[in-house]
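Each chain, letter by letter, is given below.
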Amino acid sequence: MPTMDVSSLSRRFSPSGLVVAAIGFFLTRFTVTLAAYDDPLRFLVGGLVPLALGLGLSVFGVSLVVGDFERPFVRTVATWCVAGTGAMFVLVVLTLVANDTNLAMEPVRSQTYLANFLIGGSAGGALTGVYAAQTARQRRQLERQTGRLEMVTRLLRDEVLNAVTVIRGRAEVLQRTHDVDSAAAIERRTDDVATTVENVKHITRDGDAVGALDAIPVADCVVAAMETVRQRYPDARITADVSTAEDATVWANPLLEDALVHLVENAVVYDDAEVPTVEVRVTIDESAVAIAVADEGPGLPADQQALVDRGEVAVYEERSTGFGLNLVRLLAGSYGGSVDAAVDEAGTTVTLTLRRADTDGGAGADGGTSYGLSQRGLGLVTGASLLAGAVMGLLMQFLGGAVPVIGALYGTTDATVGWITHEFHSVVFGLTYAGLVQLVPSSVDARVHYYGTAVGWAVALWLVAAGLVMPLWLRLVGIPVSLPNVTAATLASHLLWGLTLAGLYRYGRRWLDE
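Just so it is clear, the model here is predicted, and its values are computed rather than measured. (Residues numbered from 1 in each chain as written. Predicted model: local features only at pLDDT ≥ 70, side-chain atom pairs only at ≥ 80, totals over all residues. Heavy atoms only, no water.)

*Asks:* Please explain the packing of aromatic side chains as it appears in this structure.
*Replies:* Where two aromatic rings form a pair, the distance of their centres and the angle of their planes describe that pair. Considering all chains together, one arrives at five aromatic pairs under this definition. Centre to centre, the rings of phenylalanine 429 and tryptophan 457 are 6.1 Å apart; their planes meet at 75 degrees, and the pair counts as edge-to-face. Of this pair, phenylalanine 429 sits in helix 14 (residues 415–439) while tryptophan 457 sits in helix 15 (residues 446–476), and the two are 28 residues apart along the sequence. The buried category is assigned to tryptophan 457, whose relative accessible area is 18%. For the ring pair tyrosine 433 and tyrosine 505, a centre distance of 6.0 Å and an interplane angle of 70 degrees mean the geometry is edge-to-face. Here the residue tyrosine 433 occupies a position in helix 14, and tyrosine 505 occupies one in helix 16 (residues 488–513), the gap between them amounting to 72 residues. For tyrosine 433, a relative accessible area of 0% corresponds to the buried category. Judged by relative accessible area, tyrosine 505 falls into the buried class, the value being 0%. Three or more aromatic residues joined by ring pairs form one cluster here, namely Tyr433, Tyr450 and Tyr505. Between arginine 506 and the ring centre of tyrosine 507, over which it is positioned, the NZ or CZ distance is 5.6 Å. (Phe/Tyr/Trp six-rings, centres within 6.5 Å; stacked < 30°, edge-to-face > 60°. Helix = DSSP H or I, 4+ residues; strand = E, 2+ residues; numbered from the N terminus. Buried < 20%, exposed > 50% of the residue type's maximum accessible area, 1.4 Å probe, protein only. Lys NZ or Arg CZ within 6 Å of the ring centre and 35° of its normal.)

The following block contains the structure:
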């Protein structure tokens, strides 16, 4: 029976986004009550505005977790969000001290700008983080592009010029002797030149700008690369286990075999034993194929390990230094994959991870380097969650007028606050649902994929969020409610929310894919 692809959970999601979500949520929870006024205008400015900013920041944080964002981008945003919150908190404290304000809780609670400053600081910090992350990414792209241009120059020089030299020499022999072998060599080397020039475009592009790739059989590439290295180093002991990937394919191009040759050859060269030993292991999951090349040598040189760890392409003066790993890194980025290195007492293991082409988990030939929802997908699930939340809220209002009670979780039973916070919950839980959908294997029937996940998630929310967490929370703010609070009416409203969300999201995905 298919199971959720939990093994790739850490690769699919960016947990740093939870920091942003938590800051927005807790600041909203503990500051909106400080700005609750009877005057509608003051309540709008001092209560609803920070409420909307804080809840919006929480939604943004959850989007960072499940969305198609690079991890360095998410970490930068989270860091700046924390910095912005801390800076505003210090500013508030200094302002109170400068005005000789007692820092006891009651005087502080009376300061109406506390909510605006803290939530505004966190939101401003997050926006600054987005700008800083985008700037850093552009700088890294420029640095990598410089390395790519150098690598392309070397590749063209080594492959094309060497092939042209062979072709010229063979052509001279053919003119004198009509040698059949020379004609075959000319044809073969001409094909090599054409292939090299055709694949140069894949090296010069980032993973998020990949053109059309092919579905390349993994096992065949691994075996061919091993045979090439065995011919160069007949004394080396090279073994491979490709049994788990006999039918698996990945998004790549013919240069994948060259990348594997470089990895295996690198392992042989840096194993100083009399008989170098290299083991190639291939493992697969629902979305990716990992090709691990392990040796028993003294370990990868520090400069080359730094190259793999940083994910940057350096410009080397000597062709023999780092050329192979540079090429592997460039190709992996072009395929939307990654390269990792681990060095221990047993030796070095370099792992090349690529997106599967024979399942939907690989996100298609034009996918990026991450596995989360695209910006259009995030917009779709947000809109679907808002509509599903409205449908659920109307049913709850009809059955017992429970929506304003939700606002009590944030310090007020105002109906407007109740609806805003209810829709906020719907969007957060909807984004979580979209993340759960990504974990369901593509082999599962589409209706079970979407509706089954939605029903299971809705029941879980009914039992835990509505049945236990919400009544406990209401008791803490002084509102008596039964515990656990599980009724047929709340179950029906949660199921309606889940089925509405699933229907809108499923058909919206179809529309996006057209």
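Still to come is the rest of the account.
*Asks:* Looking at this structure, how should I read the pattern of salt bridges?
*Replies:* Close approach of charged atoms allows side chains of opposite charge to pair. The final tally for this structure, using the stated rule, is three salt bridges. Across the pair glutamate 227 and arginine 230 runs a salt bridge, and its minimum N-O distance is 2.7 Å. Of this pair, glutamate 227 and arginine 230 both sit in helix 8 (residues 218–232), three residues apart, roughly one helical turn. Note that arginine 232 is salt-bridged to glutamate 265, the shortest N-O span being 3.0 Å. Of this pair, arginine 232 sits in helix 8 while glutamate 265 sits in helix 9 (residues 255–269); the two residues are 33 residues apart in sequence, bridging distant segments of the chain. Owing to a relative accessible area of 16%, glutamate 265 belongs among the buried residues under this scheme. (Salt bridge = Lys/Arg side-chain N within 4 Å of Asp/Glu carboxyl O.)

*Asks:* In this structure, what is going on with the sheet that holds strand 4 (residues 277–284)? I would like to understand it.
*Replies:* Backbone-to-backbone hydrogen bonds pair the strands of a sheet. The strands run either parallel or antiparallel. With mixed pairing, five strands are arranged side by side in an open sheet as 2-4-5-7-6. For this open sheet the edge positions go to strand 2 (237–241) and strand 6 (338–344), each flanked by a neighbour on one side alone. Within this sheet the neighbouring strands show an average axis-to-axis angle of 15 degrees, counted without direction. Looking at chain direction, strand 2 and strand 4 are connected through five bridges and run parallel. Across the sheet, threonine 239 pairs through a bridge with glutamate 279, a residue of strand 4. Seen against the sheet, helix 8 touches strand 2, strand 4 and strand 5 (288–295) and runs at an angle of roughly 175 degrees to strand 2. (Pairing = 2+ DSSP bridges. Axes fitted to C-alpha atoms, helices over the stretch in contact; angles between N-to-C directions. Contact = heavy atoms within 4.5 Å.)

*Asks:* Explain the nonpolar core to me, please; I cannot follow it from the model alone.
*Replies:* A general tendency of soluble globular proteins is for nonpolar side chains to be buried together. Phe73, Leu431, Tyr433 and Tyr505 are the most contacted members of the largest nonpolar core, which totals 50 residues. Of all the secondary-structure elements, those providing two or more residues to this core are helix 2 (17–31), helix 3 (40–66), helix 4 (71–98), helix 6 (113–177), helix 12 (375–400), helix 14, helix 15 and helix 16. In this view, phenylalanine 73 contacts Leu64, Val130, Ala133, Gln134 and Arg137; residues no more than four positions away in its chain are not counted. Judged by nonpolar contacts, the second largest core, of 44 residues, contains Leu213, Val218, Cys221 and Val328. (Core = buried A, V, L, I, M, F, W, Y, C linked by side-chain atoms within 4.5 Å.)

*Asks:* Please clarify how empty space enclosed by the protein should be interpreted in this entry.
*Replies:* Any empty space left between atoms is shown by rolling a water-sized probe over those atoms. Under the defined criterion, the tally for this structure stands at two cavities of 30 Å³ or more. One number sums up the size of the second largest cavity: a volume of about 40 Å³. Breaking the lining of the second largest cavity down by element, the ones donating at least two residues are helix 8, helix 9 and strand 5. Taken together, the residues of the lining of the second largest cavity break down into eight nonpolar, no polar and no charged. (1 Å grid on protein atoms, 1.4 Å probe; cavity = no way out; pocket = protein on both sides within 12 Å on 5 of 7 lines; lining within 4 Å. Points joined across faces, edges and corners; volume = space filled by probe spheres on them. Nonpolar A, V, L, I, M, F, W, Y, C, P; charged D, E, K, R; others polar.)

*Asks:* Sorry if this is basic, but what is going on with helix 14 here?
*Replies:* Structural remark: α-helix, 3.6 residues per turn; residues separated by three or four positions point the same way. For helix 14, which comprises 25 residues, the first-to-last C-alpha distance of 36 Å matches the rise-based estimate of 36 Å (1.5 Å per residue) to within 8%. With 18 of 25 residues buried, helix 14 is to be regarded as a mostly interior element. (Expected span 1.5 Å × (residues − 1).)

*Asks:* Would you take a moment to explain the environment of histidine 422 for this structure?
*Replies:* Mapped onto the fold, histidine 422 is located in helix 14. According to the relative accessible area criterion, histidine 422 is buried, its value standing at 4%.

*Asks:* Quick question: what am I supposed to make of the pairing of strand 5 here?
*Replies:* If a strand is regular, its side chains alternate between the two faces of the sheet. Of all eight residues that make up strand 5, eight are buried, and the element is covered over most of its length. By the alternation rule, side chains of strand 5 split into Ala288, Ala290, Ala292 and Ala294 and Val289, Ile291, Val293 and Asp295, which are all buried. In this sheet, strand 5 lies alongside strand 4 in antiparallel orientation, the contact comprising seven bridges. Across the sheet, the residue bridging to arginine 281 is alanine 292, located in strand 5. Here strand 4 folds back onto strand 5 in antiparallel fashion, the turn holding three residues. As paired elements, strand 5 and strand 7 (residues 347–355) share seven bridges and run antiparallel to each other.

Nothing here speaks to function; it is geometry throughout.
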